[in-house]
Amino acid sequence: MTTPTAQTQHRDVLTQGEAEARAARVSNTAYELALDLTAKAETYRGSVTITFDLEGSGDLFLDHRGKTIHRLEVNGRVIDSPDWTGYRLTLPGDALQAKNTVRIEYENDYDHQGDGFHQFIDPEDGQEYLYTNFEPYESHRLFPGFDQPDIKATYALTVTAPSEWELIANYPETRREKLPDGREKVTFATTKPFSTYLFALVAGPYQAFREDHNGIPIGLFCRKSMAKFLDTEELFTMTRQGLDWYGEFFDFPYPFGKYDQVFVPEFNAGAMENVGCVTHNEYMVYRDPPTETQRRRRAETVLHEMAHMWFGDLVTMKWWNDLWLNESFATYMSYLCMDSATRFELGWQDFNASMKNWAYRQDQLVTTHPIAGQVADTDATFLNFDGITYGKGASVLKQLVAAIGIEGFREGMRKYMATHQYSNATLAQFMGALEQGSGRDLKEWSRLWLETPSLNTLAATWEADGDHITRVAIAQTAPADYPTLRPHRIDLGMLRQENGRFEVDVLPVEVNGAETEVPGAQGKPKPELVFPNHNDLAYTKIALDADSVAFVRENIERVEDPLLRQLLWSSLWSMVRDQQLKSMDYLALVREKIALEQNPELVESVLNNATAALGRYVPEDRRDAEAHTFFEAAWKSLKAAPKGDMQIVWARALIGSAINADDILLTGRLADGEESVEGLTVDQDMRWGIAGRFVGFGLAGAQGRVARELERDPSDRGQRAKLRCDISVPEAAVKAAAWDKFHTQEGYGSLYLTQAAMGGFNWHVQRDLLAPYVDRFFVRVKGVFKERDKEFATGYFGALYPSYRVERETVGRSEALLKEVADDVLLTRTLREAIDELERAVKCREFALTP
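Residues numbered from 1 in each chain as written. Predicted model: local features only at pLDDT ≥ 70, side-chain atom pairs only at ≥ 80, totals over all residues. Heavy atoms only, no water.

**Notes on the overall build of the protein**
Piece 1. On a plain count of helices and strands, the protein comes out with 27 helices and 29 strands.
Piece 2. Compactness check: the protein gives a C-alpha radius of gyration of 28 Å against a globular reference of 29 Å for 851 residues, within 12% of the reference.
Piece 3. Counting only C-alpha atoms, the protein reaches 90 × 70 × 55 Å along its principal axes.
Piece 4. Looking at the protein alone, contacts between residues at least 24 apart form 73% of all its contacts between residues at least 6 apart.
Piece 5. Looking at the protein as shown, the accessible area adds up to about 31800 Å², and 47% of this sits on carbon and sulfur atoms. (Helix = DSSP H or I, 4+ residues; strand = E, 2+ residues; numbered from the N terminus. Rg over C-alpha atoms; globule rule 2.2 N^0.38 Å. Contact = heavy atoms within 4.5 Å. Areas by Shrake-Rupley, 256 points an atom, 1.4 Å probe, with all protein chains shown as cover.)

Printed below as a string of structure tokens:
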């Protein structure tokens, strides 16, 4: 038996160089994996037989992060004292040959951080649920292997588990055998080749719902306590529509036999595209009535993961420097599919409000990076699950398709799938397929868009002679640090008033260089506004001149196209962040205009930005007054709103803007039925939000309110909300005990629970009480990033960094720490982004006070 020692462990990371060297030697890999699972155990046992061909001589390492190795055999030779650091298991070169068989028997602890093989006990019924989550570099928590995307393998899986459990893996089960101890041994079909990070096993008493669609078995699964909330009809409908649409678009039928989707607890991401066994975060099982925006975003997630079955799973990147392509492609395709094949309308409006604005924000941080670039190791990969990888890449693909045409794009993708099926491919091969499909040379486009960071700004200038345009030009600028000018395929929108309505004349324009003339605009009727990104084809900021801003302020609610209204509101929000529009002027405009808006999705988007402005960009001494004014406007709008989504949106905004005692007390009366709005039900998420504010602000009756909400909601959600409330209590002893527990290995039992507790620690209203923890954070955070897993460390930073102190002193303390941690890539980037965001907030507050 071998166990690792602390002295031999190193950081669990794989570099690109190591991966390339190993892939050059290893081929024809296959895993036979047997797992032994017992109910409510702390550990599980496994055995794996790995066969592979090997080039060259010398040692070879396997990735393996576990507890104990009981036996290691290499080509029949028992290795009595394996060289194992706790993360890497070295196979001695003198035991290896051209064709190899390695057998390992081992025991592992279950994981409770959302990665690896995660174990969860449902607090409502005590049932146990297990699932795997491996991207980018975590499959070696479950079994030893070559944990990198370009060593694809087949998998033959056998699982012994309690007979009442559902067992869901990448491929269908082929045999069940009852054992004397009452458990069952389940054998699954041997898979086609795919990458280790896409392997999946889900186990436990999940509730199953099954259908068959054109010969493809499709399944939905969730915890028994959540089954009553699962919208199977809508989910099955989207699944059928997506499978049909993608199969036709790629001219390649669904490649993996069956398609299961499992909603799992305590999941770190939104979803994961495991081959034939997609795991989804349970937040998409709606315990409270969802808005149409929530349903649409769930549809996007479902279709995003499904797109990966072809792009990512069937054809996979060689290394993580093409992670962007994997995620950007799936994001773009999900919106395209949703718009083409489902009932959901306004998808591209949502794309702008969510994905694109995420990208704009990320691309303006000091840590901006090219869409495509070298990724040194798996830690750097973890950092690149960001707005550039998802939102910017998808936006750029959308613009590319507008330039080359959807037919050329589709033809290129069909060639790509047919050529590279069940193998790995690179960005160059992807672009080559698009060049073949479209007949266009895309090398310069790729260089300008994919290999350079940051974004451009477009601005329209125009002249008129009487009632007709004489000249329109589009100016393009770039930040001084990143001066690249790029080609943009845009639709130029020219708004003019006719018979009391605004009509839009649209001209397609190819923007190149610092200024582009638009000869096709000459002679057109004189416009009220010229907007150089109608239909949102371009990835760019839009600069509005003073006249345009004045027009928008007066008339934005009269613009009939909801996407254009969304784009105009987005431009105003960018101006706030860039200190071109004062935060308080923006809030005044929101109060005046958004109550006139009839599109709930747009209202939700604008109110989210307004809430962010209240929290970050309004000067501290004006914040309470501005929040109360906004709260009063939200209360008025809520009472006037039609039943349904609009009421939900305004109720959430009302609660989110309540940051003084009287306003919070009103929300409490609303929850208690002492105040009412006809047609509105204060749902459980809202109730927990109200309870948390009662606690954080130290209001009378707070603990009784929390106890009543826990009685209403004893679920895992309720347990997390109660824990957050417990740590929100404004008492020194509470904060001290919580701080100590955050820094223990056990925390509150799981990463989800610990993060819930951390979420109750920092309150701006508790500034004086929390003062000692500012320095303590800056002292302790270095050790946290050194000693703890990436998910924990970044969650710790996000919850406990004193971002509520929007002041230059916090910036200075952060910059001092930055000089101390230059060798920690993860902490350095996280800290640089926090400094950048904080500096922006400070500047916005200062700008708001200028005459």
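Having put the structure on the table, let's press on.
**Some thoughts on the pattern of salt bridges**
Piece 1. Applying the stated criterion across every chain, the model contains 73 salt bridges.
Piece 2. Of the charged contacts in the structure, one is a salt bridge between glutamate 833 and arginine 829, with a shortest N-O distance of 3.2 Å. One end of the pair is glutamate 833 and the other is arginine 829, both in helix α27 (residues 825-848) and 4 residues apart, which spans about a single turn.
Piece 3. Residues participating in the shared-partner salt-bridge network are Asp12, Arg65, Asp111, Glu138, Arg141 and Asp789. (Salt bridge = Lys/Arg side-chain N within 4 Å of Asp/Glu carboxyl O.)

**Here we look at helix α14 (residues 600-617)**
Piece 1. Between its terminal C-alpha atoms α14 stretches 25 Å, which fits the 26 Å expected from 18 residues at 1.5 Å a residue.
Piece 2. Within α14, 13 of the 18 residues are buried, leaving the element largely enclosed by the surrounding structure.
Piece 3. Two or three places before glutamate 601, at the start of α14, stands the capping residue asparagine 599, its side-chain oxygen 2.9 Å from that residue's backbone nitrogen. (Expected span 1.5 Å × (residues − 1). Buried < 20%, exposed > 50% of the residue type's maximum accessible area, 1.4 Å probe, protein only. Polar contact = N/O pair within 3.5 Å; in protein donor to acceptor, adjacent residues only side chain to side chain.)

**Observations concerning unusual backbone geometry**
What you tend to see is this: most non-glycine residues have negative phi, and most peptide bonds are trans.
Piece 1. For the bond from glutamate 135 to proline 136, the omega torsion is 0°, close enough to zero to count as cis.
Piece 2. Mapped onto the elements, proline 136 comes out in the loop between β10 (128-133) and β11 (153-162).
Piece 3. With a phi close to 60°, lysine 40 is a non-glycine residue in the positive phi region.
Piece 4. Take lysine 40: it is sitting in the loop between β1 (26-36) and β2 (43-54).
Piece 5. Despite not being glycine, aspartate 251 has its phi angle at roughly 55°, a positive value.
Piece 6. Counting through the fold element by element, aspartate 251 comes out in the loop between α2 (232-249) and β18 (259-264).

**What about the layout of surface pockets?**
Piece 1. The volume enclosed by the second largest pocket comes to roughly 470 Å³.
Piece 2. Around the second largest pocket, the lining comprises 20 residues; the ones closest to its centre are Gln364, Leu365, Pro479, Asp578 and Arg840.
Piece 3. For the lining of the second largest pocket, the leading source of residues is α27, giving 4 residues.
Piece 4. Of the residues in the lining of the second largest pocket, the class split is 6 nonpolar, 5 polar and 9 charged. (1 Å grid on protein atoms, 1.4 Å probe; cavity = no way out; pocket = protein on both sides within 12 Å on 5 of 7 lines; lining within 4 Å. Points joined across faces, edges and corners; volume = space filled by probe spheres on them. Nonpolar A, V, L, I, M, F, W, Y, C, P; charged D, E, K, R; others polar.)

**Points about the nonpolar core**
As a rule of thumb, nonpolar side chains are buried together in soluble globular proteins.
Piece 1. The biggest cluster of nonpolar side chains holds 148 residues, and the ones touching the most others in it are Leu37, Trp310, Met333 and Phe430.
Piece 2. Those residues in contact with phenylalanine 430 that sit more than four places away from it in its chain are Phe311, Leu325, Phe329, Leu397, Met413 and Tyr416.
Piece 3. Within the second largest apolar cluster, 130 residues are counted, among which are Phe502, Ile556, Leu607 and Ala691. (Core = buried A, V, L, I, M, F, W, Y, C linked by side-chain atoms within 4.5 Å.)

**Some details on the state of the cysteines**
Note on terminology: a disulfide is the covalent bond linking the sulfur atoms of two cysteines.
Piece 1. A full pass over the atoms with the stated rule returns 0 disulfides.
Piece 2. The thiol of cysteine 277 is not disulfide-bonded; the next cysteine sulfur, from cysteine 222, is found 14 Å away. (Disulfide = S-S within 2.5 Å.)

**With respect to helix α5 (residues 347-363)**
Turn by turn, an α-helix covers 3.6 residues, leaving residues three or four places apart pointing in a common direction.
Piece 1. With 17 residues, α5 extends 22 Å from end C-alpha to end C-alpha; this agrees with the ideal 24 Å at 1.5 Å per step.
Piece 2. Maximal helix bending in α5 amounts to about 35°, located at lysine 356.
Piece 3. Counting buried positions along α5 yields 14 of 17 residues, so the element is predominantly enclosed. (Bend = angle between axes of the 7 residues up to and from the residue.)

**Re the environment of lysine 258**
Piece 1. If you trace the backbone, lysine 258 turns up in the loop between α2 and β18.
Piece 2. In contact with lysine 258, other than residues within four places in its own chain, are Ile168, Ala169, Asn170, Tyr171, Pro172, Ile216, Pro217, Gly276 and Cys277.
Piece 3. Only 3.0 Å separates the side chain of lysine 258 from the backbone oxygen of glycine 276, close enough to count as a polar contact.

**Looking at the sheet that holds strand β23 (residues 457-465)**
Piece 1. The mixed open sheet is built from 4 strands, whose spatial order is β27-β24-β23-β29. Each having just a single partner strand, β27 (515-517) and β29 (541-542) make up the two edges of the open sheet.
Piece 2. For β23 and β29, the ladder comprises 2 bridges, and the chain directions are parallel. What sits directly across from leucine 458, in β29, is isoleucine 542. (Pairing = 2+ DSSP bridges.)

**What about the environment of valine 285?**
Piece 1. Here valine 285 is to be found in the loop between β20 (277-281) and α3 (292-310).
Piece 2. On the basis of relative accessible area, valine 285 is assigned to the buried category, the value being 3%.
Piece 3. Taking the C-alpha atoms as reference, valine 285 lies 8.7 Å from alanine 227; in sequence the two are 58 residues apart.
Piece 4. In this view, valine 285 contacts Met226, Phe229, Leu230 and Phe263; residues no more than four positions away in its chain are not counted.

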